[in-house]
Amino acid sequence: MKLNHHSLTRALLFILSHNPPLPSPSTKSYLLLLRPQTRRHSTTSTSDYHHSFTVSYLTTKCGFSHEDALRANKRVRFDTPVKPDSVISFFKAHGFSLSQIATIMCKIPVVLTYDPTKAILPKFQFLASKGASPSDIVLMTTKSPNFLLRSLNHIVSFYELVRRFSPSDLKAIAYLTGCPSSIPDVRVPQNVKMLLDEGLTNANIHHLLRTRPSVLSSADLKKTVEEVKQLGFDPSQCNFSVVLLAKKSVTKSQWDAKVDVLKKWGWSEQDFSEAFRRHPHFMLCSEDKLNAVMSFWISNLGWDSSAFRIRPMLFGYSLEKRLIPRAKVVKYLLSNGLMKKNASIITPFSLTEELFLKRCITCFEEKDRSRLLTLYQGGSGLVQRNYGIESCLNS
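Residues numbered from 1 in each chain as written. Predicted model: local features only at pLDDT ≥ 70, side-chain atom pairs only at ≥ 80, totals over all residues. Heavy atoms only, no water.

## Observations regarding the packing of helix α20 (residues 319-335) against helix α22 (residues 353-360)
Argument step 1. Two elements in contact, α20 and α22, have axes separated by 12 Å at closest approach and are oriented at 20°. The pairing of α20 with α22 is recorded here as roughly parallel in orientation. Relative to α22, α20 is oriented so that their crossing is left-handed. Contacts between α20 and α22 pair Arg326, Val329 and Leu333 from the former with Glu353, Phe356 and Cys360 from the latter.
Argument step 2. Of the residues belonging to the contact of α20 with α22, the class tally is 4 nonpolar, no polar and 2 charged. (Axes fitted to C-alpha atoms, helices over the stretch in contact; angles between N-to-C directions. Helix = DSSP H or I, 4+ residues; strand = E, 2+ residues; numbered from the N terminus. Parallel < 35°, antiparallel > 145°, perpendicular 65-115°, else oblique. Left-handed = near helix turned anticlockwise from the far one by under 90°. Contact = heavy atoms within 4.5 Å. Nonpolar A, V, L, I, M, F, W, Y, C, P; charged D, E, K, R; others polar.)

Set out below in structure tokens:
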């Protein structure tokens, strides 16, 4: 019995509907002939239209380069200008320049699909209610707009966390303005909890927020805390955050290189440990600065490096503006018998400007006072950027 084409088709569809097999290559080919092709063409055309419109809008309205627009198009697409126009108008109305708006759009293009009065305005209003000025809001949004992707509840909770360790709303807002990237970062509240569990005081955490808030976003902060504890520092002491900052701000290779510089000038491991416990901040100085200060103190002045073990904060003073000018005064006082034999040569370097003038210059007779003032005022002007120290001391 012969079957025509229509009979064969009906038979094949009946078999597939009752007991569908895995189609063979020949069956697949045959079925493709039965499928309409118009839908696939329509979808492609719609997708191409979205793509073309979005890229065109981003380049003409937002100032994107073609490459940036193509990258942004992978994350956001729209087929009418209604929402993106309303977002741009919203930012303009709140004091954002066109370049700032373009920066925000480059970082979070999805914001162009938002309803700004519902998704953005309440967040700006909350920040303003806590003391943020319009310029503060513009600055933090342009710097790191990712916090706009978070819910209002998240921003409120984060602010309350910061406010807990800040003396006022304005101080808390200053933190948010200075480090807006931390607002959406879930590591911050986790690290704060970890530090409290370790025994850090509220004052320590406030110090971290005030001086280097990015530390609280560190993925390995727990490891650094353990390293600081192994150095003998107590988390409950007020200087723990200072030590933590010093350790966190300096890589291991930089740390080792700085220790090697100090050892080159005669320091032992014990000398370093003692100085670090006294004033951890000195390890934030560069290798060149540590080396230049030691060279000046030991090679040019001929003085003992133990002064820096006792007063490591001396490393932080400017060679040009403090150490060299005051060294010239101290050398004059020593050579002319104007300093008591048991007087510390370190003290004059730590005095305030007013006290230094009073105790080391103006208290002497006119002849010496005039010479000392000339030495002091001319001390910094002769210093070269390459630390031409010797010529300064001989003047």
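## Describing the nonpolar core
Argument step 1. Counting residues in hydrophobic clusters, the biggest one holds 102 residues, and the most contacted among them are Phe91, Leu176, Leu195, Phe282 and Phe315.
Argument step 2. Ignoring any residue separated from it by four or fewer positions in sequence, one finds Phe91 in contact with Phe96, Ile101, Ile104, Met105, Ile120, Phe124, Thr141 and Leu148. (Core = buried A, V, L, I, M, F, W, Y, C linked by side-chain atoms within 4.5 Å. Buried < 20%, exposed > 50% of the residue type's maximum accessible area, 1.4 Å probe, protein only.)

## Quick word on the pattern of salt bridges
Argument step 1. Taken as a whole, this structure holds 16 salt bridges when the rule is applied.
Argument step 2. Asp220 is paired through a salt bridge with Lys248; the nearest N and O atoms lie 2.3 Å apart. With Asp220 in the loop between α13 (202-211) and α14 (221-230) and Lys248 in helix α15 (residues 240-249), this residue pair connects regions lying 28 residues apart in the sequence.
Argument step 3. A relative accessible area of 36% means that Asp220 is categorised as partly exposed.
Argument step 4. What makes Lys248 partly exposed here is its relative accessible area of 23%.
Argument step 5. Of the charged contacts in the structure, one is a salt bridge between Arg309 and Asp271, with a shortest N-O distance of 3.8 Å. Of this pair, Arg309 sits in helix α19 (residues 306-310) while Asp271 sits in helix α17 (residues 269-278), and the two are 38 residues apart along the sequence.
Argument step 6. Given a relative accessible area of 17%, Asp271 falls into the buried group. (Salt bridge = Lys/Arg side-chain N within 4 Å of Asp/Glu carboxyl O.)

## Some words on the environment of Leu170
Argument step 1. Here Leu170 shows up in helix α11 (residues 169-178).
Argument step 2. Along the primary structure Leu170 and Gly131 are separated by 39 residues, whereas in three dimensions their C-alpha atoms are 5.9 Å apart.
Argument step 3. Not counting residues up to four positions away in its chain, the partners in contact with Leu170 are Lys130 and Gly131.

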